[in-house]
Amino acid sequence: MSLTLKDGSVFDKNGKLLFLSTEKFIDYIVNGDCCLICGCENQATSFNEEHVLPQWILRNYNLSSKSVTLPNDSPFMYGRYTVPCCISCNLEMSRVFEVPLSELISGGYTEILRYLKNNDPWLIFGWLTLIFLKVHCKDKSFRYILDRSKESPQISDLYEWSDLHHLHCLARSFYTSCTLEKSVFGTLFVLPARTVPPHESFDFLTLYESQSILLRLGDIAFIAVLNDSGAAFSLLKDELKLSAPLSPLQLREILAKVSTINLSLKQRPKFVSKFDAYADRYSISANLPDALEIDDSYSSKYGEILHYCCREYIPFIKDEFGLDVEDDLRNGRWSFLFDENGDFVKNSL
Ligand SMILES: [Zn+2]
């Protein structure tokens, strides 16, 4: 029989921490240095470092000495981009996610399509959730203001961690073996990607507020919204008539679209963790809103998010093509996906 603590945290009959209350999540994982997955303390067991982006990605895409751009706009080397994790959870993540996914992704877009025809997409969705969570947990290591003569919060101090608690429950579901009801599944697009020299065969961007992520590995692009119960997918699937592999900027435009939808939902899904103490069962479900509607803020938010997603490409577009798209992006008037007739652009930047 499981044991529920006063704060709502739950242990199973074997003493495994099944569920961390929001309070415990912030205390142990966000502010503490406990294992990201099981919550055990650093001194209690053997620890090592879990790479935010797994090592096979760093190897296959030559990223070890390259840098991610942090939210404070400074670079940080992927090779040192790690979070604390116990050895046992690290090995388990490797077995559950990294071994099968590295093999699957090495087969390219055709192979992943074949996989998705025969399997549900939870493995990919869970993996992206885990990467998103690691990115944001790592942000507790970085100052928001780089100038050390000034006082600065850490980047993670700017996050509302209770909003990320649900993602933590999802990300560790491989460890707790909880049942995830279908309604919990967010938006996931797995799209064919076109690599356009001089851009790399890799792209990575997470957006905190909209809990969304873009990860492009070779000719495969994953775009996910982690907490919308599929709302962005439902609203966009008919609009996105795509007939060729997508360029880096087209993929970022889709990320901007799904993110803005998620931030403009009139009513949101509410996620619930349930426990059956006698059967030792744990499940996560979502209470879905009656209607799927976008509020009036969509247009004003969209330009801002589109500009943010594409900002690092703006100088390149200006130098290579003599186009100044800064204002049009900010106003949400520029599209890399569709031309003025609404037709898909097959040879976009
Ligand atoms: Zn652990």
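Data block above holds the structure.
Residues numbered from 1 in each chain as written. Predicted model: local features only at pLDDT ≥ 70, side-chain atom pairs only at ≥ 80, totals over all residues. Heavy atoms only, no water.

**Q** Looking at this structure, I do not really get the overall build of the protein chain. What am I missing?
**A** Of regular secondary structure, the protein chain possesses 12 helices and 14 strands. In terms of overall dimensions, the protein chain is globule-like: its C-alpha atoms have a radius of gyration of 21 Å, near the 20 Å expected for 349 residues. Seen along its three principal axes, the alpha-carbon backbone of the protein chain occupies a region of about 65 × 50 × 40 Å. Taken over 349 residues, the protein chain has a buried fraction of 52%. Taking the intrachain contacts of the protein chain between residues at least 6 apart in sequence as the baseline, contacts between residues at least 24 apart amount to 68%. Roughly 16600 Å² of accessible area belongs to the protein chain as shown, and the carbon and sulfur atoms make up 48% of that amount. Each charge class in the protein chain was averaged separately, 35 positive and 46 negative side chains, and the resulting centres sit 3 Å apart. (Helix = DSSP H or I, 4+ residues; strand = E, 2+ residues; numbered from the N terminus. Rg over C-alpha atoms; globule rule 2.2 N^0.38 Å. Buried < 20%, exposed > 50% of the residue type's maximum accessible area, 1.4 Å probe, protein only. Contact = heavy atoms within 4.5 Å. Areas by Shrake-Rupley, 256 points an atom, 1.4 Å probe, with all protein chains shown as cover. Lys, Arg positive; Asp, Glu negative; His and termini not counted. Charge placed at Lys NZ, Arg CZ, Asp CG, Glu CD.)

**Q** Can you walk me through the side chain of D139 in this structure?
**A** Mapped onto the elements of the fold, D139 is located in the loop between α5 (122–138) and α6 (165–171). Nearest to the buried, unbridged D139 among oppositely charged side chains is K138, at 8.6 Å. Discounting residues that sit within four places of it in the chain, D139 has contacts with L70, P71, Q154, I155, S156 and Y159. (Salt bridge = Lys/Arg side-chain N within 4 Å of Asp/Glu carboxyl O.)

**Q** Just checking my understanding: could you explain a nonpolar patch on the surface for this structure?
**A** Where nonpolar side chains cluster on the molecular surface, the patch consists of Y144, I145 and L158 and spans about 260 Å² of accessible area. With respect to the helices and strands, the residue L158 is situated in the loop between α5 and α6. (Patch = residues over 30% accessible without salt bridge, like charges linked within 9 Å, V, L, I, M, F, W, Y side chains within 5 Å.)

**Q** Which parts of the structure should I look at to understand the environment of F97?
**A** Residue placement: F97 occurs in helix α3 (residues 87–106). According to the relative accessible area criterion, F97 is buried, its value standing at 5%. Residues F97 and P54 lie 43 residues apart in sequence; the distance between their C-alpha atoms is 9.8 Å. Ignoring any residue separated from it by four or fewer positions in sequence, one finds F97 in contact with S102, L123, G126, W127, L130 and F174.

**Q** Would you mind going over the sheet that holds strand β8 (residues 179–180) with me for this structure?
**A** Strands sit in the order β8-β14-β13 across an open sheet of three strands; the sheet is mixed. Only two strands of the sheet have a single neighbouring strand rather than two, namely β8 and β13 (270–276). Of the strand pairs in this sheet, β13 and strand β14 (residues 281–287) are connected by seven bridges, and their pairing is antiparallel. Within β14, the residue paired with K274 across the bridge is S283. (Pairing = 2+ DSSP bridges.)

**Q** Got a minute to help me understand empty space enclosed by the protein in this structure?
**A** Picture a little ball the size of a water molecule; that probe, rolled over the atoms, points out where space is still empty. Throughout the structure, instances matching the rule amount to one cavity of 30 Å³ or more. Taken as a whole, the largest cavity holds about 40 Å³ of empty space. Along the lines of polarity and charge, the residues of the lining of the largest cavity split into six nonpolar, no polar and one charged. (1 Å grid on protein atoms, 1.4 Å probe; cavity = no way out; pocket = protein on both sides within 12 Å on 5 of 7 lines; lining within 4 Å. Points joined across faces, edges and corners; volume = space filled by probe spheres on them. Nonpolar A, V, L, I, M, F, W, Y, C, P; charged D, E, K, R; others polar.)

**Q** Sorry if this is basic, but what is going on with the side chain of T206 here?
**A** Looking at the element boundaries, T206 is found in strand β10 (residues 202–207). Apart from the residues lying within four places of it in its own chain, the contact partners of T206 are F132, V135, H136, S212 and I213.

**Q** Can you help me understand the coordination of the zinc ion in this one?
**A** The protein atoms that coordinate the zinc ion are C35 (SG), C38 (SG), C86 (SG) and C89 (SG), at distances spanning 2.3 Å. For the zinc ion, the four donor atoms are set out with angles of 100 to 115 degrees between them, so the coordination reads as tetrahedral. One chain supplies every donor to the zinc ion, and in sequence these donors are spaced C-x2-C-x47-C-x2-C. With C35 in the loop between α1 (22–30) and β4 (47–51) and C89 in helix α3, this pair connects stretches of sequence that are 54 residues apart. Given a relative accessible area of 3%, C89 falls into the buried group. (Donors = N, O, S within 2.8 Å, 3.2 Å for Na, K, Ca; no water. Tetrahedral: all angles 85-135°; square planar, octahedral: opposite > 155°, others 65-115°.)

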